[in-house]
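One letter stands for each residue in the lines below.
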Amino acid sequence: MLSIPTVGISACLGQRVCRYNQKKLDSPIPLGILEHINLIDFCPEEEAGLGTPRDPIDSRWNGELQIFQQRKTVNLAPLLRETSLGIIGRIKGADGVVLKSKSPSCGLMDHKIANLKEPDSPLTGNGVLPDLLLQGQYHLIPTTERRLSDPWSLQLWLAGVFQLSELKQYIRTGEPLDEFHQQNEPLLAGLGRLEGLSHLRRDPEKYLRQFALSFLTDIGHQGFLTNLSSKGSKQPFESSARLWPSLQPGSTRNLEDHYPFPNARTFSPSHI
Ligand code: SF4
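Residues numbered from 1 in each chain as written. Predicted model: local features only at pLDDT ≥ 70, side-chain atom pairs only at ≥ 80, totals over all residues.

Re the packing of helix H6 (residues 151-172) against helix H10 (residues 204-214)
Applicable threshold: Geometry is summarised by axes, namely lines fitted to C-alpha atoms with helices restricted to the contacting stretch, and by angles between N-to-C directions that run from 0 to 180 degrees. Strands here mean DSSP runs of E at least two residues long; helices mean DSSP runs of H or I at least four residues long; both are numbered from the N terminus. Just so you know how the angles are binned, under 35 degrees is roughly parallel, over 145 roughly antiparallel, 65 to 115 roughly perpendicular, and the rest oblique. By the criterion used throughout, residues are in contact when their C-beta atoms, derived from the backbone, lie within 7 Å. In this classification, the charged set is Asp, Glu, Lys and Arg, the nonpolar set is Ala, Val, Leu, Ile, Met, Phe, Trp, Tyr, Cys and Pro, and all remaining amino acids, among them Gly, are polar.
At their nearest, the axes of H6 and H10 sit 11 Å apart, and the two run at 175° to each other. By the angle between their axes, H6 is roughly antiparallel relative to H10. Of the residues in H10, those touching H6 at Leu164, Leu167 and Ile171 are Pro204, Leu208, Phe211 and Ala212. A per-class count over the contact of H6 with H10 returns 7 nonpolar, no polar and no charged.

Rendered as structure tokens:
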């Protein structure tokens, strides 16, 4: 039986009306699947006491990150960092996290930052919470609601989150990872990580870390099938993604453009 994964989620994504303008957004996770997940929602801006509705905030880079609310002069970056650290304490054991794209607080590598040193070259980076979260190297799979709007990406992320939860269960109970690895062979072959992870089966901590990182590759449906066929198998990965057996046409976006590891090319304030 699959273990129940825990997922952190920006609360404005279908959980609470907490956006600065009180606009309601749908959950990117389908209702039928939400029933099989423990959700932990968070809103850094509300939890920092900014209230809803509120004036929007924006980020500026002037050698250090500063965040200001419109019509106010107090730099909110320290307060939002402190609040985000408290939230990370709640979600660091989760298996996945869904972040609201482009937000100064929650955006994942797609948040626009005004560059005060070179105004014609705006920067793109993490919001405050993901920036701290990704420095912590926790074993969870981050994504955004924009990415999950692609059916293939949603399916692959869910497969990763459910299997990561199961892997943690194996490690908690001290079971050898051979059976888990064998069950997940088609999934790992499709991701191109079968051999790399095979060598780590005797080192659960490294296996766990690398398994989570495997899902940061935007493999796309065709790339996944190509990897599978090069391993002599074209069967879909029902054994790994048992809840979502149908494979959908996938995205061709390159996830490395949006995520900071393993090969970050995009600006992140903490990486300067
Ligand atoms: S993006 Fe983050 S801070 Fe903004 S409303 Fe949503 S949860 Fe709150």
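Now that the structure has been shown, we can carry on.
Comments concerning the nonpolar core
General note: in soluble globular proteins, nonpolar side chains tend to be found buried as a group. To be explicit about the condition: Think of a nonpolar core as buried Ala, Val, Leu, Ile, Met, Phe, Trp, Tyr and Cys residues chained together by C-beta atoms that fall within 7 Å. Counting other C-beta atoms within 10 Å of a residue's own tells you its class, since 20 or more makes it buried, 12 or fewer makes it exposed, and anything in between is partly exposed; those C-beta atoms are placed from the backbone. The split of the chain into domains comes from an automatic or database domain assignment.
Ranked by size, the top nonpolar core spans 51 residues in total, and within it Val97, Val98, Ile141 and Val161 carry the most contacts. Among the elements that line this core, the one with the most residues is H6, at 8 residues. Counting contributing residues per domain, this core is built from domain 1 (6-147) and domain 2 (151-252), each supplying no fewer than three. Residue contacts for Val97: discarding those within four places in its chain leaves Val7, Gly8, Ile91, Leu140 and Pro142.

Points about the site of the ligand
Keep this limit in mind: As a rule, any residue with its backbone-derived C-beta atom within 6 Å of a molecule or strand is reported as near that molecule or strand.
Inspection of the region around the ligand gives 13 residues, with Cys12, Cys43, Lys100, Ser103 and Cys106 positioned closest. For the shell around the ligand, the element with the most residues is helix H2 (residues 44-47), which contributes 3 residues. In the shell around the ligand, the residues fall into 6 nonpolar, 3 polar and 4 charged.

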